[in-house]
Amino acid sequence: MAKIAFVSDVVYPWVKGGVESIEYNEMVNLSKKHEVYCFTMQYEGMKKEFVRNRIHYIGVAKASLKELYARNGTRSMALAFRFSAALPSAI
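Residues numbered from 1 in each chain as written. Predicted model: local features only at pLDDT ≥ 70, side-chain atom pairs only at ≥ 80, totals over all residues. Heavy atoms only, no water.

### A closer look at the confidence of the model for the protein chain
Link 1 in the chain: With 100% of its residues at a pLDDT of 70 or more, the protein chain shows a mean pLDDT of 92.
Link 2 in the chain: Highest mean pLDDT in the protein chain belongs to strand β1 (residues 3-7) (97); lowest belongs to helix α2 (residues 77-90) (92). (pLDDT = per-residue confidence, 0-100. Helix = DSSP H or I, 4+ residues; strand = E, 2+ residues; numbered from the N terminus.)

Laid out in structure tokens, this is it:
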């Protein structure tokens, strides 16, 4: 049994995009035979660490879903920087 980590600031079902749902399906399938960890942002209502569908989620930094997008509708760089800055200590 291997340990596999996914690193993404957004994850399904908190963000319901195409890539997020594909990654989620991969994590679910891999978790049937391996330990799967997902390092992500800790959104509202999420505990810092928890297991759901055999996936070990680890919240790297607190965030609001409202912070995902800038005023012009593009993804927020500030949130991505916060995630990347907090990631080394979480790993």
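### So, the nonpolar core
Link 1 in the chain: Ranked by size, the top nonpolar core spans 25 residues in total, and within it Met27, Cys38, Met41, Tyr43, Ile55 and Tyr57 carry the most contacts.
Link 2 in the chain: Looking at this core, the elements that each hand over two or more residues are α1 (18-30), β2 (35-42), β4 (55-62) and α2.
Link 3 in the chain: Among the elements that make up this core, the one with the highest residue count is β4 (5 residues).
Link 4 in the chain: Other than its neighbours up to four places away in sequence, Cys38 contacts Phe6, Val11, Met27, Ile55, His56, Tyr57 and Ile58. (Core = buried A, V, L, I, M, F, W, Y, C linked by side-chain atoms within 4.5 Å. Buried < 20%, exposed > 50% of the residue type's maximum accessible area, 1.4 Å probe, protein only. Contact = heavy atoms within 4.5 Å.)

### Things to note about the side chain of Glu20
Link 1 in the chain: Along the chain, the position of Glu20 falls in helix α1.
Link 2 in the chain: We note that Glu20 is buried and unpaired, the nearest opposite charge coming from Arg75 at a distance of 5.2 Å.
Link 3 in the chain: Ignoring anything within four residues of it in the chain, the contact list for Glu20 reads Val10, Val11, Tyr12 and Val15. (Lys, Arg positive; Asp, Glu negative; His and termini not counted. Salt bridge = Lys/Arg side-chain N within 4 Å of Asp/Glu carboxyl O.)

### Remarks on α1
Link 1 in the chain: An ideal rise of 1.5 Å per residue puts 18 Å on 13 residues; α1 measures up with 19 Å between its terminal C-alpha atoms.
Link 2 in the chain: Among the residues making up α1, those that are buried are Glu20, Tyr24, Met27 and Val28. The arc that holds every buried residue of α1, seen down its axis, measures 95°, which confines them to one face. Exposed positions of α1 whose direction lies more than 90 degrees from the buried face are Val19 and Ile22.
Link 3 in the chain: In this structure, the buried residues of α1 make contact with β1, β2 and β4. (Expected span 1.5 Å × (residues − 1). Arc of directions from axis to C-beta.)

### Digging into the pattern of salt bridges
Link 1 in the chain: A full pass over the atoms with the stated rule returns 2 salt bridges.
Link 2 in the chain: The residue Arg75 makes a salt bridge to Asp9 at a minimum N-O spacing of 2.6 Å. One end of the pair, Arg75, is in the loop between β4 and α2; the other, Asp9, is in the loop between β1 and α1, with 66 residues separating them in the sequence.
Link 3 in the chain: Given a relative accessible area of 35%, Arg75 falls into the partly exposed group.
Link 4 in the chain: Among the residues examined, Asp9 registers a relative accessible area of 13% and is labelled buried.
Link 5 in the chain: For Glu67, the salt bridge identified is with Arg82, shortest N-O distance 2.6 Å. Note that Glu67 is positioned in the loop between β4 and α2 and Arg82 in helix α2, a separation of 15 residues in sequence.
Link 6 in the chain: Overall, Glu67 belongs to the partly exposed group, its relative accessible area being 29%.

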